[in-house]
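Below are the chains, spelled out letter by letter.
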Amino acid sequence: MAVEEAQTTLEKQNPITPEAGQTSTSPPPLPQYKYSKRVLLKTILCRSDEGLGLIGQRVVVGGWVKSSKVVPLHDVPSFRTTLMTRPRDVSCVEIFQSRIPLFRTIFKVLNHKPNGSGSPAREGLDQTPAKPIPTKAYLQISDGSCVPSLQVLLPSSIATLSKFTSTGTSIFVEGVLKESSIEGKHKIELQVEKLLHVGFVDSNKYPLSKTRLPLDFLRNYSHFRPRTTTLASVTRIRSALTHGTHTFLQNNGFLHVNMPVITSIDSKGCSEKFHVATHSGKEDKKEKHEALVMDDNTGNINLQAVKAAIKEKSDRIDELKRSESNRESLDLAVQDLKKANELALQLETREKKHNKSSAQSGELGISDDFFHGQMYLTVSSQLHLESYANSLGSVYTIGPTFSADKTQSMKHLAEMWMVEVEIGFADLEDVMNCAEDYLKFLCRWVLDKCSSELVFASKRIDKEVMERLQLVLSSSFEKITYTHAIKLLQEVPDKKFESKIEWGVALTEEQESYLADEMYKKPVIIYNHPKGLNPFFVRLNEDRRTGATFQVVLPKTGTLIRGSQKEERYDIISKRMNELGLPREQYEWYLELRRNGTIKHSGFNLELDHMVLFSTGLIDIRDVIPFPRSYGNPRF
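Residues numbered from 1 in each chain as written. Predicted model: local features only at pLDDT ≥ 70, side-chain atom pairs only at ≥ 80, totals over all residues. Heavy atoms only, no water.

Draft legend 1. Geometry of the overall build of the protein. Looking only at helices and strands, one finds 20 helices and 16 strands in the protein. If you take every contact in the protein between residues at least 6 apart in sequence, the share linking residues at least 24 apart comes to 71%. (Helix = DSSP H or I, 4+ residues; strand = E, 2+ residues; numbered from the N terminus. Contact = heavy atoms within 4.5 Å.)

Draft legend 2. Structural detail: the pattern of salt bridges. Counted according to the given criterion, the structure contains 23 salt bridges. Among the salt bridges present, the one from Arg58 reaches Glu193, with a minimum N-O distance of 2.9 Å. Placement of the pair is Arg58 in strand E1 (residues 58-72) and Glu193 in strand E5 (residues 188-199), with a sequence separation of 135 residues. Residue classification places Glu193 among the partly exposed residues on the basis of a relative accessible area of 24%. Here Glu579 and Lys531 are joined by a salt bridge, their closest N and O atoms 3.5 Å apart. One end of the pair, Glu579, is in helix H18 (residues 570-580); the other, Lys531, is in the loop between strand E13 (524-527) and strand E14 (549-554), with 48 residues separating them in the sequence. Residue Lys531 is classed as partly exposed on the basis of its relative accessible area of 25%. Each of Arg219, Arg225, Asp620, Arg622 and Asp623 takes part in one network of salt bridges that share partners. (Salt bridge = Lys/Arg side-chain N within 4 Å of Asp/Glu carboxyl O. Buried < 20%, exposed > 50% of the residue type's maximum accessible area, 1.4 Å probe, protein only.)

Draft legend 3. Spotlight on helix H17 (residues 509-519). By the burial criterion, the buried members of H17 are Gln511, Glu512, Tyr514, Leu515, Ala516 and Asp517. Buried residues along H17 sit in contact with strand E12 (478-481), helix H16 (482-490), E13, E14 and strand E15 (558-565). Positive backbone phi, at 55°, marks Lys521, one or two positions downstream of H17.

Draft legend 4. Representation of the packing of helix H14 (residues 451-460) against helix H15 (residues 465-474) within the structure. At a minimum axis separation of 8 Å, H14 and H15 run at an interaxial angle of 125°. One way to sum up the angle between H14 and H15 is to call them oblique. Contacts from Leu454, Val455, Ala457 and Ser458 in H14 reach Val465, Met466 and Leu469 in H15. Here the contact of H14 with H15 is built from residues that sort into six nonpolar, one polar and no charged. (Axes fitted to C-alpha atoms, helices over the stretch in contact; angles between N-to-C directions. Parallel < 35°, antiparallel > 145°, perpendicular 65-115°, else oblique. Nonpolar A, V, L, I, M, F, W, Y, C, P; charged D, E, K, R; others polar.)

Draft legend 5. Summary view of the pairing of E5. Pairing of strand E3 (residues 150-155) with E5 involves three bridges; the strand directions are parallel. Bridge pairing in E5 places Leu153 opposite Gln191. (Pairing = 2+ DSSP bridges.)

Draft legend 6. Representation of the sheet that holds strand E8 (residues 275-276). Spatially, E7-E9-E8 is the arrangement adopted by the three strands of the open sheet, whose pairing is antiparallel. This sheet does not close on itself; its edge strands, each paired only once, are strand E7 (262-263) and E8. Pairing geometry for E7 and strand E9 (residues 375-377), over two bridges, is antiparallel. By the bridge assignment, Thr263 is partnered in E9 with Tyr376.

Draft legend 7. Highlighting the side chain of Thr229. Take Thr229: it is sitting in helix H8 (residues 229-251). Within polar-contact distance, the side chain of Thr229 engages the side chain of Lys66 at 3.1 Å. (Polar contact = N/O pair within 3.5 Å; in protein donor to acceptor, adjacent residues only side chain to side chain.)

Draft legend 8. Focus on the nonpolar core. Counting residues in each nonpolar core, the largest one holds 50 residues, and the members touching the most others are Leu439, Phe550, Ile561, Phe604, Leu606 and Met611. With twelve residues, helix H13 (residues 428-449) is the largest single contributor of residues to this core. If near-sequence neighbours (up to four positions away) are discounted, Phe604 is found in contact with Val419, Glu420, Val421, Val431, Cys434, Ala435, Tyr438, Phe550, Ile561, Arg562 and Gly563. Core analysis: the next-biggest nonpolar cluster, separate from the first, contains 28 residues, Leu30, Leu139, Leu154 and Val198 among them. (Core = buried A, V, L, I, M, F, W, Y, C linked by side-chain atoms within 4.5 Å.)

Draft legend 9. Representation of the packing of aromatic side chains within the structure. Counted under the stated rule, the structure contains 15 aromatic pairs. Here the aromatic rings of Phe164 and Phe200 are separated by 5.9 Å at their centres, their planes lie at 75°, and the arrangement is edge-to-face. Pair noted here: Phe164 is in the loop between E3 and strand E4 (170-179) and Phe200 is in the loop between E5 and helix H7 (215-218), with a separation of 36 residues, a long-range link. Assessed through its relative accessible area of 1%, Phe164 is described here as buried. For the ring pair Phe217 and Tyr221, a centre distance of 5.3 Å and an interplane angle of 45° mean the geometry is tilted. Judged by relative accessible area, which is 30%, Phe217 ranks as partly exposed. When its relative accessible area of 25% is taken as the criterion, Tyr221 is described as partly exposed. A connected cluster of aromatic rings, assembled from ring pairs, spans Phe248, Tyr438, Phe441, Trp445 and Phe604. A cation sits over an aromatic face here: Lys273 above Tyr376, 4.7 Å from the ring centre. In this structure, Arg545 is placed above the aromatic ring of Trp503, and the distance from its NZ or CZ to the ring centre is 4.1 Å. (Phe/Tyr/Trp six-rings, centres within 6.5 Å; stacked < 30°, edge-to-face > 60°. Lys NZ or Arg CZ within 6 Å of the ring centre and 35° of its normal.)

If you want it as structure tokens, here you go:
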């Protein structure tokens, strides 16, 4: 109703004429956003003069109120002026009663006489309603296009200000840009002359009514938190990183390819996968089907994963025997293998019972499902991407990856986004050089495209965020082998790591960070990891002990990129699959690539969410993903 009333009032007024003094030398009109007939605030506020060169221009803007302040109009008569110009038959007390409701009520109570002998003249004055004092509201609005907000001056002659000052209120207005009428950080303001739309807010229920809300509180309101300056800045940085990724790869001859989200293979050998099923039968049938592929008492481990683990544990025991390690380590490894064998026997027995009961009762099985086989949400698209690299040369994809790991972590969620790259006819050195160039390009891109967002992040989140981006950009990455890294860490004096440093064991985050933060003080590429730590598809080096892998470790961040050269030799990859007990029928199409015109090829992946963490200084991945998916969090 406030908008309609304001519009009715405005329609009775004369049309607005151009500002006096505005000549042909005035700057050209600001371009409207093509699809909403408004001017984005960044085109006004992100100029070198902060908008001063646009004074006098008429614009239409839209946004959400971040804060507000209501003050009297500057031309309201002061008390001194009122006293000097009042009629002689009106006292000072009456002036106070008429202007200030509280004083009027007090005087009415004090002057009341029970016998009704009060002064008629005074009672008549008391009953005269006070004339409303004209006011104006200063609104700070943001439309999400930039960090700074626009100051909007809205007079009470246009609308009832109390309905427009609540945080979160959306407004769509037309007005003229003027020099700011109050001292402060804003150099210009928009003086509203026409209201086009208002989206009112229930301030008692709106969750962002308070300022400086903690990030953990905002996670409960993912649908509103982009309206905060912090999350809006993070979103723009994330968008810039995605744009930068496409720009770098497209400019270097890569083709963008969409990869499947639903797949029958597990490229990482993970047991914590999301199983995809479409059973429409009763819940008890669904539960029995899950029992076939899951074990509720063993952390959702399936039979195939247990068999693969048994093979790895057997190899570990053989290695301990050959290296003549201490007896205690060997005994522990034997006991571990025994438990794995017992678990495999339990799962096999359960599977046989289920198959028998299903055959007798006619229950739905895997073969009755939509895909006629077990399917998963993808944990990586790299195997599928290889098929296109073997046909098109250099390709990449950007998409979600999934993990059903229930562990609560600030760096991992059930759904995360990955950039995956595959290069045909490339070896390990080629792909390491590409990864370094790509990471440097992203740092330069975000520094150039998101300067105001980074300045904000350095003030509110992490003061060193821009320095880290500059460090990556200006550094020559140090390249060391895994074996050399182990040697360096073992020789570190007066430093005790939480985990034992031993060849054949994966480096911990603490150990990797020590290399980048303390030893080299710049990005480090660690390559050629032990065979036992690598997936089956990694190319085996000539020493037969290591594989052609690498990871990029950044100071204060940890590993950001992982990659490898793929095994193109059919006999070696086939043998490796047998060692790990992988079901060959699921990977038959992948093996056919090795039998038919295979080429040398390599690739890497970058976890986009971790790159956003690095670029903003945030530490919790839930704050950089629009709608974070984690265990036990079904709200959105």
